[in-house]
Every structure is written in C-alpha cells, then in structure tokens.
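Report on the structure
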Amino acid sequence: MKDISRRKMLGMSAAALIVGPALALTGRSAAAADMPHVDPQDAQAKALAYVEQSAKPDSHCKNCQLYTGDRTAEWGTCAIFPGKDVSTSGWCSAWVKQAG
Ligand code: SF4
C-alpha cells in the first residue's frame with residue numbers, strides 16, 4: 001500500500017513537471033510583447049504563404065477572424081501560429097474575414 005502511494009506521488013510529480021511549464025506558456029497574455037515573430041521562411045509560414053506586409057489592401061491579419069491579439073498593436077497572436085506573433089499588416093492563405 002505504501003509502495004503504491006509512493007508510485008502515485010512520483011507520477012503526480014512527473015505530471016506536474018510536464019504540465020506546469022505548458023500551463024505557464026499558455027497562460028501568457030495575448031498581448032505579450034516578447035513573443036518571437038513568425039519567420040516567413042518557416043515551413044508552416046511558407047506553406048500558408050505568410051507575409052509580414054499584405055499585398056491585399058482589404059485583407060490583413062488585423063481584420064482576420066483568426067487573429068487573437070490586440071488589433072491596435074503592430075504584432076499579435078494568431079490561432080494558426082501558437083507561441084509566435086504575426087504582423088497585423090501581414091496576411092496568409094488561411095485569412096478569414098473578421099465577423100462583425
Ligand atoms: Fe494573419 Fe493568417 Fe493568422 Fe489570419 S490566419 S491572423 S491572415 S497569419
């Protein structure tokens with residue numbers, strides 16, 4: 001019985017080591033200014049044709065439904081690129097017109 005409790009404790013400690021930092025990362029503010037910017041040369045960015053300056057005057061990250069950051073800032077978060085900021089002047093092929 002005592003052995004099982006020790007195993008449970010070790011398992012819980014291991015889970016805390018894995019989940020703790022993940023929660024800390026996801027708990028960061030969407031307005032965090034220190035997020036790395038999406039590199040347009042990254043494989044995912046290239047696959048989605050992401051650019052930091054949209055060539056389409058009416059389509060850019062600032063008015064994209066998938067943009068989750070501060071729309072008055074130059075950079076912010078996007079659901080497509082977790083953990084990185086996109087340019088609010090940018091664009092990618094996943095662009096969806098902001099509702100409303
Ligand atoms: Fe910008 Fe594409 Fe993200 Fe929309 S999905 S905010 S266009 S990077």
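Below you will find a few notes about this structure. (Residues numbered from 1 in each chain as written. Predicted model: local features only at pLDDT ≥ 70, side-chain atom pairs only at ≥ 80, totals over all residues. Heavy atoms only, no water.)

Focus on the overall build of the protein
Note the threshold: Numbered from the N terminus, helices here are DSSP runs of H or I no shorter than four residues, and strands are runs of E no shorter than two. Burial classification: accessible surface area is computed with a 1.4 Å probe over protein chains only, and a residue below 20% of its type maximum counts as buried, one above 50% as exposed, and the rest as partly exposed. Contact definition: two residues touch when any of their heavy atoms are within 4.5 Å. Using a 1.4 Å probe, the Shrake-Rupley method yields the accessible areas, and only the shown protein chains count as cover for residues.
Within the protein one finds 2 helices and 2 strands. Going residue by residue from the N terminus, the α and β elements of the protein occur as α-α-β-β. Scored against the burial criterion, the 100 residues of the protein give a buried share of 24%. The long-range share in the protein, meaning contacts at least 24 apart out of those at least 6 apart in sequence, stands at 61%. Taken as a whole, the protein presents about 6,900 Å² of accessible surface, with 62% of it coming from carbon and sulfur.

Quick word on the nonpolar core
As a reminder, the rule being used: To define a nonpolar core, start from buried Ala, Val, Leu, Ile, Met, Phe, Trp, Tyr and Cys residues and group those joined through side-chain atoms within 4.5 Å.
Of all hydrophobic cores here, the largest spans 11 residues; its members are Val 38, Ala 45, Leu 48, Tyr 50, Cys 61, Cys 64, Tyr 67, Cys 78, Phe 81, Val 86 and Cys 92. If sequence neighbours within four positions are ignored, Cys 61 has contacts with Tyr 50, Tyr 67, Arg 71, Val 86, Ser 87, Thr 88, Gly 90 and Trp 91.

Considering the environment of Val 86
Looking at the element boundaries, Val 86 is found in strand 2 (residues 85-87). The class of Val 86 is buried, set by a relative accessible area of 1%. Along the sequence, Val 86 and Asp 39 sit 47 residues apart, while their C-alpha atoms lie 8.9 Å from each other. Setting aside anything within four residues of it in sequence, one finds Val 86 in contact with Val 38, Tyr 50, Cys 61, Tyr 67, Glu 74, Trp 75, Gly 76, Cys 78 and Phe 81.

Concerning the side chain of Thr 88
Here Thr 88 is to be found in the segment after strand 2. You can call Thr 88 buried: its relative accessible area is 3%. Apart from residues no more than four positions distant in its own chain, Thr 88 is found in contact with His 60, Cys 61, Lys 62, Tyr 67, Asp 70, Ala 73, Glu 74 and Trp 75.

Comments concerning the pattern of salt bridges
To keep things clear, this is the line we draw: Here a salt bridge means any side-chain nitrogen of Lys or Arg lying within 4 Å of a carboxyl oxygen belonging to Asp or Glu.
Summed over the entire model, instances satisfying the criterion amount to 1 salt bridge. When the shortest N-O distance is used, the salt bridge between Asp 42 and Lys 84 registers 3.2 Å. Of this pair, Asp 42 sits in the loop between helix 1 (2-26) and helix 2 (43-47) while Lys 84 sits in the loop between strand 1 (75-77) and strand 2; the two residues are 42 residues apart in sequence, bridging distant segments of the chain. Accessibility expressed as a relative area gives 27% for Asp 42, which makes it partly exposed.

What to know about the environment of Ala 49
As for its position among the elements, Ala 49 is in the loop between helix 2 and strand 1. Overall, Ala 49 belongs to the partly exposed group, its relative accessible area being 39%. C-alpha of Ala 49 to C-alpha of Ala 94: the two residues are 45 residues apart in sequence and 9.0 Å apart in space. Setting aside residues up to four positions removed in sequence, Ala 49 forms contacts with Trp 91 and Cys 92.

By themselves, these observations are geometric and do not establish any function.
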